[in-house]
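# Chains, contacts and geometry: an overview
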Amino acid sequence: MATRKGTKKNNVTLREKPLANGNISLYLDIYRDGVRVKEYLKLYIVAKPKDKDQRAENKETLRLAEEIRTARQSELNHSAFGLVSPVKQRVFLYEYFENYIESYTKKDIRMIIGAFERFKDFMEQEYPHRKQKMRFDELTPEMIKGYVDYLQAHSVGEGALGYYQRFKKVINSAVDENVILKSPCTGIRCLVDENSLKKDVLSLEEIQQLAQTPYQNTEVRRAFLFCLYAGLRYCDVVDLKYSNVDYSGKRLKFEQAKTKGHSKNSVVIIPLSQTLLNLIGEKPDKDGFIFDLPSHTGCLKALRTWVKRAGIDKHITWHCARHSFAVNLLGECQTDIKTVASLLGHSGLKHTEKYTRTVDALKEKAVNSLPEINIDLNPQAHE
């Protein structure tokens, strides 16, 4: 059927642009829905070939450019009818994920990688025959539901939701690029158990109780107490060196491993109290690690033994030190939230505000723990 007079058909044309050096740059002139864009292919031919080798190279370059033009025209035609082009139908899911990660520059890159690794683990377990060579059009809502169930069974707290949100981010990118027409994640939610978000914290009294309980692994004991008073993660305290300490200025300066290279707030400066200086110890002649710690698993095992020996009936992990630090500053010490956010190295108040809910819950628990008393509000009625 002929197009109406005065209208232009969506098309892709291969064009040439002469360059100052005598070569010719090849580009695509793409006209779609009244909008014209140019896509430079970074392919070049010699305007005046000198020999048969240059002529053969020109011919091969033009052949490649024409293949790309044909593929783009196919994408344009299929898109006009709400279809995915055969070229993009051949895109493999794993390959797309890997390319997405390689070009990703935002600070949640570790969560993107984590989402991909967990998806691969899920596929290995449930669909071992379809994993690496699976195309996007083979990704079904049933698979997504299974992946969500897998995340919820293998993650703690907000972990499952965080990974699923990043997974959807990559899928939505594929939709935007017309690799798939519709996200298979649509309508599938990852619910978080609010109770799983409540982490145990140590009160100031319990910290004193723990500090007064001897334990044979003095390095673990010293490092965990340091985290309780400085709000550090395990991945940060394990890498601390004496060169991070400004003894004269009584300050600790380090770059957070979690946000290194992804946030302007990755460098944290913490004033050192006398307690923290005592835990660090005197500056040695040579620089080295402040704490000689075993693996994370070894530290966790030692911590649980020590907490149990102290008579504290709570599920305390290494990260609880950071939570305890924040909650005690906000609650017991009445520190303003901006100061706490700065000490924790948060780029904003969003993550710090989570600790205020814990403080409110502890206050409510404290009030409710008061014993009930019988109060006669109308004593004259009994006279």
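One can find the structure itself at the top, above this paragraph.
The shown structure was predicted, so the numbers you read here are calculated from the model rather than taken from an experiment.

The next point concerns the nonpolar core. Core analysis: the largest hydrophobic core is formed by 41 residues, its most contacted members being F224, F226, L232, V237 and W318. Contributions of two or more residues to this core are made by α7 (204-211), α8 (218-230), α9 (234-237), β5 (251-255), β6 (267-271), α10 (274-280), α11 (296-309) and α12 (320-330). The element best represented in this core is α8, accounting for eight residues. Leaving out residues up to four positions away in the same chain, V237 has contacts with A223, F226, C227, L232, F291, L293 and W318. With 35 residues, the next largest nonpolar core counts A115, M123, M143 and I144 among its residues.

Attention shifts here to the sheet that holds strand β1 (residues 11-18). Here we have three strands laid out as an open sheet, ordered β1-β2-β3, and antiparallel in their pairing. Looking at strand neighbours, the two that pair on one side only are β1 and β3 (35-46), the edges of this open sheet. Between one strand axis and the next, the sheet turns through 25 degrees on average, direction left out of account. Relative to β3, strand β2 (residues 23-32) runs antiparallel, the two being bridged by 10 bridges. Bridging from a neighbouring strand, L26 pairs with L43 of β3.

So, about the sheet that holds strand β4 (residues 245-246). Taken in spatial order, the three strands of this open sheet run β4-β5-β6, and their pairing is antiparallel. Each edge of the open sheet is held by one strand with a lone partner, namely β4 and β6. As paired strands, β5 and β6 are joined by five bridges and run antiparallel to one another. The residue bridging F254 from the neighbouring strand is V268, located in β6.

Axis angle and axis distance: for two packed helices, these are the angle between their axes and the distance between the axes, and together they describe the pair. Running from amino to carboxyl end, α8 crosses α11 at an angle of 85 degrees, the nearest separation of the two axes being 10 Å. Comparing the axis directions of α8 and α11 gives the class roughly perpendicular. Within the contact between the two elements, α8 uses V220, R221, F224 and L225 and α11 uses C299, A302, L303 and W306.

How two aromatic rings sit relative to each other is set out by the distance from centre to centre and by the angle between their planes. Under the definition given, this model contains 17 aromatic pairs. Plain terms: the ring middles of F122 and Y147 are 6.0 Å apart, the flat faces sit at 50 degrees to each other, and that makes the pair tilted. Pair noted here: F122 is in helix α4 (residues 109-126) and Y147 is in helix α5 (residues 141-154), with a separation of 25 residues, a long-range link. Directly above the ring of F289 sits K241, whose terminal nitrogen or CZ lies 5.0 Å from the centroid.

Close approach of charged atoms lets side chains of opposite charge pair. Throughout the structure, instances matching the rule amount to 11 salt bridges. Across the pair D108 and R166 runs a salt bridge whose closest N-O atoms are separated by 3.1 Å. Within this pair, whereas D108 is found in the loop between α3 (93-103) and α4, its partner R166 is found in helix α6 (residues 159-176), the two being separated by 58 residues in sequence. A residue is classified by how much of its surface remains accessible, and D108, at 15% relative accessible area, is buried. When salt bridges with common partners are traced through the structure, they connect R15, D29 and R36 into a single cluster.

Glancing now at α7. Restricting attention to buried positions, one finds in α7 the residues E206, I207 and L210. Here the buried residues of α7 occupy an arc of 105 degrees about the axis, which is enough to place them on one side.

Another point: unusual backbone geometry. Of note, the phi angle at K250 is positive, near 55 degrees, even though the residue is not glycine. For K250, the position within the fold is in the loop between β4 and β5. By relative accessible area, K250 is classed as partly exposed at 42%. Here the phi dihedral of Q334 falls at roughly 55 degrees; this positive angle occurs in a residue that is not glycine. Inspection of the secondary structure assignment puts Q334 in the loop between α12 and α13 (337-344). Of the residues examined, Q334 reaches a relative accessible area of 59% and is grouped as exposed.

Across the interface, α7 lies against α8 with an axial gap of 11 Å and an inter-helix angle of 165 degrees. Taken together, the axes of α7 and α8 lie roughly antiparallel to each other. At the point where α7 passes α8, the crossing takes the left-handed sense. Contact residues: α7 offers I207, Q208, L210 and A211, while α8 offers R221, F224, L225, L228 and Y229. When the residues that make up the contact of α7 with α8 are grouped by side-chain class, the tally is seven nonpolar, one polar and one charged.

With that settled, consider the environment of A341. Along the chain, A341 turns up in helix α13. Overall, the relative accessible area of 5% leaves A341 in the buried class. Expressed as a C-alpha distance, the spacing of A341 and E353, which sit 12 residues apart in the sequence, is 8.8 Å. Residue contacts for A341: discarding those within four places in its chain leaves H346, G348, L349 and T352.

Before going further, it helps to spend a moment on the pairing of β2. Most of β2 sits out of view: eight of its 10 residues are buried. In this structure, β1 lies alongside β2, joined through eight bridges in antiparallel fashion. From the neighbouring strand, P18 faces β2, where its bridge partner is I24.

Quick notes on the rules
Residues numbered from 1 in each chain as written. Predicted model: local features only at pLDDT ≥ 70, side-chain atom pairs only at ≥ 80, totals over all residues. Heavy atoms only, no water. Core = buried A, V, L, I, M, F, W, Y, C linked by side-chain atoms within 4.5 Å. Buried < 20%, exposed > 50% of the residue type's maximum accessible area, 1.4 Å probe, protein only. Helix = DSSP H or I, 4+ residues; strand = E, 2+ residues; numbered from the N terminus. Contact = heavy atoms within 4.5 Å. Pairing = 2+ DSSP bridges. Axes fitted to C-alpha atoms, helices over the stretch in contact; angles between N-to-C directions. Parallel < 35°, antiparallel > 145°, perpendicular 65-115°, else oblique. Phe/Tyr/Trp six-rings, centres within 6.5 Å; stacked < 30°, edge-to-face > 60°. Lys NZ or Arg CZ within 6 Å of the ring centre and 35° of its normal. Salt bridge = Lys/Arg side-chain N within 4 Å of Asp/Glu carboxyl O. Arc of directions from axis to C-beta. Left-handed = near helix turned anticlockwise from the far one by under 90°. Nonpolar A, V, L, I, M, F, W, Y, C, P; charged D, E, K, R; others polar.

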